[in-house]
Amino acid sequence: MRLLASCVIYACVFISVLPSRYCAAASSAQIANSTSMPMAQMPTVAPLFIEDGDFSSTLVLVNAASIPTYADVSVRSLYGQTVAMKRIGLQAHSQQQVMIRELLSSAHASGITAGSITVMQDPDLTGLVVTAVLSMTRMSTFPSNYINQELAMPTGDGSQTLRAVADAEEGSPIISITSLSEIPQHLQVRCLRTTGKSFNKTITLSANET
């Protein structure tokens, strides 16, 4: 398995698409009150982590600056609650690995098996200095399968309509959508198949929900 696409919707919502047997998939979002959140000092986001008996997730943080800095890592449940937090110190031009399983265990939240992750760099930094990638490893297969997500940050240039295409794979597609808003968000998802058939679904996300 591998991540097909990681997309950003204007201001509030993030989408990840995992590969499927469908040859084409498209998604669109209509976001209410998209100006309700300030764009300054937004976190970078991984819309989905999985930490169970089948998958293990590892977050890799990279400091591109020539000075030491830090980043605050927050792990949220599917329902939007923050279940674990940790400040990670980063030396100049260095990287750190954060095992999500260990982070959840230290916060006594080992029962959480899926959710989203946000990374907030030192607000005194200018520009995006701390970048991150989330790697999910499927351990039940040999050789192991990997899904990698590069964490993304919302910007004022984002689009309210996003599209993704999946190559031929077995199984159904998984679309992970995470809200950063404190108010409900309303989205429309439309999936297209090569046969010409399509189906739609309307989704309402609660505050910070995945």
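Each chain has its residues counted from 1, following the order in which its sequence is written. Two thresholds apply to this predicted model, a pLDDT of at least 70 for residue-level local features and 80 or more for giving and counting side-chain atom pairs, whereas whole-chain, interface and lining totals are computed over all residues. Remark: hydrogens and water are excluded; side-chain values derive from all non-hydrogen atoms of the structure.

Q: Could you clarify how one ought to interpret the packing of aromatic side chains in this entry?
A: Both the distance between ring centres and the angle between the ring planes are used here to describe each pair of aromatic rings. Pairs were defined over the aromatic rings of Phe, Tyr and Trp, the Trp ring being its six-membered one, requiring ring centres within 6.5 Å. Orientation was assigned from the angle between planes: stacked under 30 degrees, edge-to-face over 60, tilted for the rest. Taken as a whole and assessed by the stated rule, the structure comprises 0 aromatic pairs. For a ring to carry a charge above it, either NZ of a lysine or CZ of an arginine must fall within 6 Å of the ring centroid while also lying within 35 degrees of the normal to the ring plane. Across the ring face of Y70, the terminal group of R87 is positioned such that the distance to the ring centre comes to 4.0 Å.

Q: Hey, could you run me through the sheet that holds strand β11 (residues 145–150) in this one?
A: Adjacent strands of a sheet form backbone hydrogen bonds with each other and so pair up, either parallel or antiparallel. Ordered in space as β8-β5-β10-β11, the 4 strands form an open sheet in which the pairing is antiparallel. Each edge of the sheet is formed by a strand with only one pairing partner; in this case those strands are β8 (95–99) and β11. Pairs of neighbouring strands in the sheet enclose a mean axial angle of 20°, with direction left out of account. By this definition, two strands are paired if DSSP reports at least two bridges between them. Going along the chain from the N terminus, every DSSP run of H or I of four or more residues is numbered as a helix, and every run of E of two or more is numbered as a strand. Pairing geometry for strand β5 (residues 55–63) and strand β10 (residues 130–138), over 9 bridges, is antiparallel. For every element, the axis is a line fit to its C-alpha atoms; helices are fit only across the contacting stretch, and the angle between N-to-C directions ranges from 0 to 180 degrees.

Q: I would appreciate a short explanation of the nonpolar core in the present structure.
A: Soluble, globular proteins show a tendency: their nonpolar side chains are buried together. To qualify as a nonpolar core, a set must consist of buried Ala, Val, Leu, Ile, Met, Phe, Trp, Tyr and Cys residues joined through side-chain atoms within 4.5 Å. The buried label goes to any residue with under 20% of its type's maximum accessible area, the exposed label to any with over 50%, and the partly exposed label to all in between, with areas taken from a 1.4 Å probe on protein chains only. Formed by 26 residues in total, the largest nonpolar core has its most connected members in L59, L61, V73, I117, V119 and L134. Elements with a minimum of two residues in this core: β4 (44–50), β5, β6 (69–77), β7 (82–90), α1 (100–106), β9 (114–121) and β10. Contacts between residues were defined by any pair of non-hydrogen atoms, one from each residue, lying within 4.5 Å. Other than its neighbours up to four places away in sequence, L134 contacts A46, L48, F49, S57, T58, L59, I100, I117, I147, N148, Q149 and L151. I177, V189, C191 and L205 belong to the second-largest nonpolar core, a separate cluster that totals 5 residues.

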